[in-house]
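Architecture and fold: a report
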Amino acid sequence: MDRVSAFDEPLKKLLGGATAKVMAEHLDLHTVGDLLHHYPRRYEERGRLTALTDLPLDEHVTVVAQVADARVMMFNNGRGKRLEVTLTDGNGRLQLVFFGHGVHKPHKELLPGRRAMFAGKVSVFNRKMQLAHPTYQLLDAESIDGDEATEAVDAFAGRLLPIYPACKQLDSWRIAKAVDTVLPSAREAVDPLPPSLREGRGFTPLPEALLKVHRPQTKADIAQARDRLKWDEAFVLQVALARRRYADTQLPAVARRPRPGGLLDAFDAKLPFTLTEGQQKVSKEIFDDLATEHPMHRLLQGEVGSGKTMVALRAMLAVVDAGGQAAMLAPTEVLAQQHHRSITEMMGELAEGGMLGGSDLGTKVVLLTGSMGMAARRQALLDLVTGEAGIVIGTHALIEDKVQFHDLGLVVVDEQHRFGVEQRDALRSKGKQPPHLLVMTATPIPRTVAMTVFGDLETSVLDQLPAGRSPIASHVVPAKDKPHFLSRAWERVREEVGNGHQAYVVCPRIGDDADDEAEKKNRKKAAEKAAEEDGEKRPPLAVLEIAEQLAKGALAGLRIEVLHGRMNPDDKDDVMRRFAAGQVDVLVATTVIEVGVNVPNATAMVIMDADRFGVSQLHQLRGRVGRGSAAGLCLLVSEAHEASPARARLSAVAATLDGFELSRIDLEQRREGDVLGQAQSGVRSSLRMLTVIDDEEVIAAAREEAATIVAADPELEHLPELRIALDALLDKEREQYLDKG
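Please read all numbers here as calculations on a predicted model, not as lab measurements. (Residues numbered from 1 in each chain as written. Predicted model: local features only at pLDDT ≥ 70, side-chain atom pairs only at ≥ 80, totals over all residues. Heavy atoms only, no water.)

A few words on the overall build of the chain. For the chain, the count of helices and strands is 29 helices and 21 strands. Counting the 741 residues in the chain, one finds 54% classified as buried. Sequence-distant contacts in the chain: of pairs separated by 6 or more residues, those separated by 24 or more amount to 74%. Only carbon and sulfur atoms are counted for the fraction: they give 50% of the accessible area of the chain, which is about 32,500 Å². (Helix = DSSP H or I, 4+ residues; strand = E, 2+ residues; numbered from the N terminus. Buried < 20%, exposed > 50% of the residue type's maximum accessible area, 1.4 Å probe, protein only. Contact = heavy atoms within 4.5 Å. Areas by Shrake-Rupley, 256 points an atom, 1.4 Å probe, with all protein chains shown as cover.)

In structure tokens:
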């Protein structure tokens, strides 16, 4: 077998069809290499019994424990038989239960005093944790004969015992046996690290690290193996991203420099305020990038309301000054209209300009969305192709083939996580040469995720709020435990309206017929999840129902309107205009208001079923209030139980306004798989040992080493092993992602 093919060998050749099928379907393991990279989750030590006191509900677990007692119970008038076994580890107890014909064998084997490994899914019955029909492996020599006993004790009790991520169909120890079969192939692992780097950092060679992680003799073995395997994951990923960045620096782009006395200067002169230090610093980074002859790739992350739109607009004006056009891509029509409205208002007469690049300072700012009338759409397309319009703001309608630009110089993508890579790419392909790219997000991203997920982008951070922004007080309203708190919440809304302000009420769903159909499909899933956390099964609250209840009850007499994604775009725009003009007191909406909606007079927000939203989404929503000089108030209404994870999440949001702190909490609660999975294909599959939350130093160091190596040898011609690892770790989907940037 040659060096590469040993790892590419299909598992079914070595393990037999049935086991290989379960591994492929349930654990996504297909080759010898996949199984060798399926690392133990933790290790059990000889003589140390697993803590039974903190087992996770509804998860598949493996425990090592001793049988305290076992008894057969009859039920159904003697027709049914049940074996109940109590396990102990000296601190806690756990119940096992076996039914029917499954009682006979464990009744003979699971005698008091026996030690064994048990695997199953943790459930609760009569308020006690239990495993129903667990599989088990006896560990004490008396339970088996002769040589087999010695072998079992050696294999399981005699040393550190690997516990693998398992599934219902395949226990940890069956996975361990499969690993034993393929482990000899570990010696043929191709080491991706350049020898100088490996020796310089004192890393164990890769074959040795694989052997030690699966079959450690000591805790030091585990630590050495983990250090090495984490580094490989971080390093190979960072090499891929460094190559992407390097390739971008080789692409040609038109340098765009603002012209003195041009549109940007005229705009700055009419600003009624000065830019914050942060805005000035970030603007300089962007202008420096725009002035180079290769495309800018910059991520601009900033707190809700930190003035990202102002920074992006000034970059767009600089490009128009330099004879180019700028396109801003927004995730929803409501947001595209909002951006168009606020940008034309900020620019005033400068948004009503004549020809591009002419002596007239102004330019045309056009809106392009899928629901525009034919005449308006035709005119917008004409303005773009002739260059009459210097700035266009739109939804993904901008990406359609029909849309052509005179000279596209800059693409600004708002709320990056709402757009697929393909969409970003399609818009960039509309320039004669690759346009500069600015990606904006109001979801603060922990530094490690930025380095891992957006590693092909340079990052700018706006963390200062502009002067005049007010603090937002946030409180959890426990509607189930304390209904009078909810009544008080509606009183507070009335008080805000009485003081001349306005309020939002946010609900998880719409509540019309189409919505209800979709809801029925999702209901079962949602109910199961809710039951897990709180035993609560009702569907999420709906905009149309809540609006009607409030109009008849707690907020009777106030001017209440609804806003949701399935409304006609003109109606949506009309509602937003009237809300912005102060003609609506309370806007009952879905999360269409989550990003970019800017009404400084709105001071209060009530989020119904707040536990149904994620941490960063709640932070986004909350950012819609407190945008003027009056203080903001955000009330998180929930029926979740006080001790539930959902309530803990809400309390965290109420406790801090620091988006970076919340993004870290969010990441810890959701685990990075969700975050990385949303952001780009394939990355999760390459991270098995590294945790993006905890391993910041590893990721930062790997990024530095990767940049140095790629600068010296962009094609990795002198590092064939690293190239092989790159091909193996980055699946096809992800390679395409990296090729697109």
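This paragraph deals with the sheet that holds strand β18 (residues 560–563). Spatially, β16-β21-β20-β17-β19-β18 is the arrangement adopted by the six strands of the open sheet, whose pairing is parallel. Of all strands in the sheet, those bounded by a partner on one side alone are β16 (472–478) and β18. Across the sheet, the mean angle from the axis of one strand to that of its neighbour is 20°, orientation sign disregarded. Sheet topology note: the strand β17 (residues 502–506)/strand β19 (residues 586–589) ladder contains four bridges and is parallel. Counted as the bridge partner of V505 is V588 from β19. Packed onto the sheet, helix α20 (residues 543–552) meets β17, β18 and β19 and runs at close to 180° relative to β18. (Pairing = 2+ DSSP bridges. Axes fitted to C-alpha atoms, helices over the stretch in contact; angles between N-to-C directions.)

It is worth spelling out helix α22 (residues 615–622) at this point. With six of its eight residues buried, α22 lies for the most part within the structure. Buried within α22 are the following residues: V615, L618, H619, Q620, L621 and R622.

For the rest of this paragraph, the subject is α20. Given 3.6 residues per turn, any residue in an α-helix points the same way as the ones three and four places further on. For α20, the set of buried residues is V543, I546, A547 and L550. Summarising the axial view, the buried residues of α20 lie within an arc of 100°, below the 170-degree limit, and thus occupy one face. α20 presents Q549 and K552 as exposed residues on the side facing more than 90 degrees away from its buried surface. (Arc of directions from axis to C-beta.)

Residues L57, V124 and M129 make up a contiguous nonpolar surface patch of roughly 240 Å² in combined accessible area. Positionally, M129 belongs in strand β6 (residues 128–132). (Patch = residues over 30% accessible without salt bridge, like charges linked within 9 Å, V, L, I, M, F, W, Y side chains within 5 Å. Salt bridge = Lys/Arg side-chain N within 4 Å of Asp/Glu carboxyl O.)

Once that is clear, we can look at the sheet that holds strand β10 (residues 325–329). Strand pairing in a sheet takes place through backbone hydrogen bonds and is either antiparallel or parallel in direction. In spatial order, the strands read β11-β12-β10-β13-β14-β9-β15; together these seven strands make up an open sheet with parallel pairing. Either end of the sheet is taken by a strand with one partner, and the two such strands are β11 (364–368) and β15 (458–462). With strand direction ignored, the average angle separating the axes of adjacent strands in the sheet is 20°. Pairing of strand β9 (residues 297–302) with strand β14 (residues 436–441), which is carried by five bridges, proceeds in the parallel orientation.

Moving on: the nonpolar core. Judged by nonpolar contacts, the single largest core of 39 residues is most densely connected at M316, M347, I391 and L410. Counting residues per element, this core draws most heavily on helix α13 (residues 308–321), at ten residues. The contacts of I391, once residues within four sequence positions are left out, are L313, M316, L317, V320, A326, M347, K364, V365 and V366. Membership of the second largest hydrophobic core comes to 34 residues, among which are M23, L27, I222 and M689. (Core = buried A, V, L, I, M, F, W, Y, C linked by side-chain atoms within 4.5 Å.)

Now for the pattern of salt bridges. Summed over the entire model, instances satisfying the criterion amount to 34 salt bridges. R341 is the partner of D573 in a salt bridge, and the nearest nitrogen-oxygen pair spans 2.9 Å. With D573 in helix α21 (residues 569–580) and R341 in helix α14 (residues 333–347), the pair connects residues that are 232 residues apart, well separated along the chain. Residue class for D573 comes out buried when judged on its relative accessible area of 14%. For R341, a relative accessible area of 15% corresponds to the buried category. Residues joined by salt bridges that share partners form a network here, namely R488, E491, R492, E495 and E496.

What follows is about the side chain of S638. Looking at where S638 falls in the secondary structure, it is placed in strand β21 (residues 632–638). Not counting the four nearest positions on each side in its chain, S638 is found in contact with V477, P478, A479, K480, D611, R647 and L650.

Take the packing of aromatic side chains next. All chains considered together, the criterion is met by five aromatic pairs. Where F98 meets Y136, the ring centres are 6.5 Å apart and the plane angle is 85°; that geometry is what we call edge-to-face. Of this pair, F98 sits in strand β4 (residues 93–99) while Y136 sits in strand β7 (residues 135–138), and the two are 38 residues apart along the sequence. Residue classification places F98 among the buried positions, given a relative accessible area of 3%. Assessed through its relative accessible area of 17%, Y136 is described here as buried. Taking 6.2 Å as the distance between ring centres and 15° as the angle between the ring planes, the aromatic pair formed by W231 and F235 counts as stacked. (Phe/Tyr/Trp six-rings, centres within 6.5 Å; stacked < 30°, edge-to-face > 60°.)

Contact geometry for helix α10 (residues 219–250) and helix α27 (residues 696–712): axes closest at 8 Å, N-to-C directions at 45°. For the element pair α10 / α27, the angle class is oblique. Considering the relative orientation of α10 and α27, their crossing is right-handed. Contact residues: K230, W231, A234, F235, Q238, V239, A242, R243, R245 and Y246 in α10; V698, I699, A701, A702, R703, E705, A706, A707, I709 and V710 in α27. (Parallel < 35°, antiparallel > 145°, perpendicular 65-115°, else oblique. Left-handed = near helix turned anticlockwise from the far one by under 90°.)

By the secondary structure assignment, T19 is in helix α3 (residues 17–27). Once the C-alpha coordinates of T19 and R174 are considered, the two residues, 155 residues apart in sequence, prove to be 9.1 Å apart.

Quick look at the pairing of β9 now. Taking burial as the measure, the six residues of β9 include six buried ones, the bulk of the element. Residue alternation in β9 divides its side chains into two sets, H297, L299 and Q301 and R298, L300 and G302, and both sets are buried.

Counting through the fold element by element, R314 comes out in helix α13. Excluding its chain neighbours within four sequence positions, the residues that come into contact with R314 are L264, F267, D268, L275, S283 and F287.

For the rest of this paragraph, the subject is the packing of α14 against α21. Relative orientation of the contacting elements α14 and α21 amounts to 50°, with a least axis distance of 10 Å. It follows that α14 is oblique to α21 by the angle criterion. Between α14 and α21 the crossing geometry is right-handed. Residues E333, V334, Q337, Q338 and R341 of α14 form the contact with α21, whose own contacting residues are P569, K572, D573, M576 and R577. By residue class, the composition of the contact of α14 with α21 is three nonpolar, two polar and five charged. (Nonpolar A, V, L, I, M, F, W, Y, C, P; charged D, E, K, R; others polar.)

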